[in-house]
Amino acid sequence: MPRPVVLITGPTAGLGAGYARRYARDGYNLVLVARNVERLEDLAAELRAANGIDVEVLPADLTEAADRANVADRLTAGVQVLVNNAGFGTSGEFWTADAAVLQAQLDVNVTSVMQLTRAALPPMLAAGSGTVVNIASVAGLLSGRGSTYSASKAWVVSFTEGLANGLGDTGVTVHAVCPGFVHTEFHQRAGIDMKSIPNFMWLNVDDVVAESLADIAKGKVVSIPGLQYKVLTTGGRLVPRGLVRTLTKGFGRGRDRT
Ligand SMILES: NC(=O)c1ccc[n+]([C@@H]2O[C@H](COP(=O)([O-])OP(=O)(O)OC[C@H]3O[C@@H](n4cnc5c(N)ncnc54)[C@H](OP(=O)(O)O)[C@@H]3O)[C@@H](O)[C@H]2O)c1
């Protein structure tokens, strides 16, 4: 039996690296997609040596239409699992942020998820099996924390839930993973100061990966790793939206992040 193939965007750091290591341990062949070729090659060598699997390196900047099209072509050839993980946030206010960075954020966090999922589904449907994992965020479930980033993740959650209903009992499933704060390179890259966040709000990569994949195995469409974030998001659904905005503004300021 050939090994199943998983294509992961953004595996050179953080959560994507965690999913890559876990799928490699589980015996999948990997296709790794990100910009940093040296980090991609290093990870590929590590995972081949440790697990005896095949790893393809597919360098791509997902802000570029031509690169997204290359990745889409690879997906059209067929994979069993697509993990749309690459994504980023930025700091500063929306009205002063670089318009090109805001567009790039939309390209990676939204357009790439839409285009790569669209490319992956036909061969999955033809095979009658396949899994799409979209990394969203708690920010996509709670209103009032930042602007464009939260909106992009709300799109991912809504897209996933609608698509999950559409896929029905085709054998192909789609899932949104909504982590809270996770120790990765995300906040440093975004230039967001996280000193005020209490320890109990932080998750680690391996726990998020393990819990989300366990949820996916159970068929959950929306996975929210960590008890603290299950409580927070359940509370957020039960109280009026205006109160959620007030609370998130108090807790995370709701400013200086886009
Ligand atoms: N960390 C958190 O607290 C947190 C919470 C909720 C949700 N998330 C979500 O989790 C996902 C992973 O984030 P992370 O925390 O693991 O962040 P991270 O450590 O900064 O890793 C981000 C990954 O995305 C890739 N990437 C960024 N821009 C890209 C582009 N233009 N083209 C291709 N790849 C690109 C990076 O690779 P290269 O630089 O090599 O291209 C890197 O591998 C994101 O969707 C993020 O929104 C994170």
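Everything that follows concerns the structure shown earlier in this document.
Residues numbered from 1 in each chain as written. Predicted model: local features only at pLDDT ≥ 70, side-chain atom pairs only at ≥ 80, totals over all residues. Heavy atoms only, no water.

**Topic: the site of the ligand**
The condition is simple: Near residues are defined by distance, with any heavy atom within 4 Å of the molecule or strand qualifying the residue. Side-chain atoms alone can form a polar contact between residues adjacent in sequence; in general such a contact is a pair of N or O atoms within 3.5 Å, and within protein one must be able to donate a hydrogen while the other accepts it. All accessible-area figures derive from a Shrake-Rupley calculation using a 1.4 Å probe, and residue coverage is judged against the displayed protein chains alone. In this text, helices come from DSSP runs of H or I with a minimum length of four residues, and strands from runs of E with a minimum of two, each type numbered from the N-terminal end.
Around the ligand, 31 residues are found, and the nearest of them are Thr12, Arg35, Asn85, Tyr149 and Thr184. One of the side-chain nitrogen or oxygen atoms of Tyr149 is found 2.6 Å away from an oxygen atom of the ligand. A distance of 2.8 Å separates an oxygen atom of the ligand from a polar atom in the backbone of Val182. In the complex, 97% of the free accessible area of the ligand, which totals 890 Å², lies under the protein chains. For the shell around the ligand, the elements supplying multiple residues, two or more each, are helix 1 (14-25), helix 5 (148-167), strand 7 (181-182) and helix 6 (186-190). In terms of residue count, the dominant contributor to the shell around the ligand is helix 6 (three residues).

**Quick word on the environment of Thr233**
Going by this rule: For every residue, the accessible area (1.4 Å probe, protein chains only) is compared with the maximum for its type, and the residue is labelled buried under 20%, exposed over 50%, or partly exposed between those bounds. Here, two residues are considered to be in contact whenever any of their heavy atoms come within 4.5 Å of each other.
Mapped onto the fold, Thr233 is located in helix 8 (residues 227-238). The buried category is assigned to Thr233, whose relative accessible area is 3%. Leaving out residues up to four positions away in the same chain, Thr233 has contacts with Val138, Leu141, Leu142 and Ile224. At 2.7 Å, the side chain of Thr233 and the backbone oxygen of Tyr229 are in polar contact. A polar contact of 3.3 Å, which involves the side chain of Thr233, links it to the backbone oxygen of Lys230.

**As for the sheet that holds strand 6 (residues 172-177)**
The following threshold applies: DSSP calls a pair of strands paired once it identifies at least 2 bridges connecting them.
Read from one edge of the open sheet, seven strands run 3-2-1-4-5-6-9, paired in parallel fashion. What marks the edges here is a single partner per strand, and that holds for strand 3 (55-59) and strand 9 (222-223).

**Some details on the packing of aromatic side chains**
Keep this limit in mind: Aromatic pairs are defined between Phe, Tyr and Trp rings, using the six-membered ring for Trp, whenever the two ring centres lie within 6.5 Å; interplanar angles under 30 degrees are classed as stacked, those over 60 as edge-to-face, and all others as tilted.
If you walk through the whole model with that rule in mind, you get four aromatic pairs. Ring geometry for Trp155 against Phe159: centres 4.7 Å apart, planes inclined by 15°, an arrangement best described as stacked. Of the two residues, Trp155 and Phe159 both sit in helix 5, four residues apart, roughly one turn of that helix. For Trp155, a relative accessible area of 30% puts it in the partly exposed group. Between Phe181 and Trp202, the ring centres sit 5.6 Å apart and the planes meet at 40°, which makes this aromatic pair tilted. Here Phe181, found in strand 7, pairs with Trp202, found in strand 8 (residues 202-203); they are 21 residues apart in sequence, far enough to count as distant. Of the two residues, Phe181 and Trp202, both sit in the buried class.

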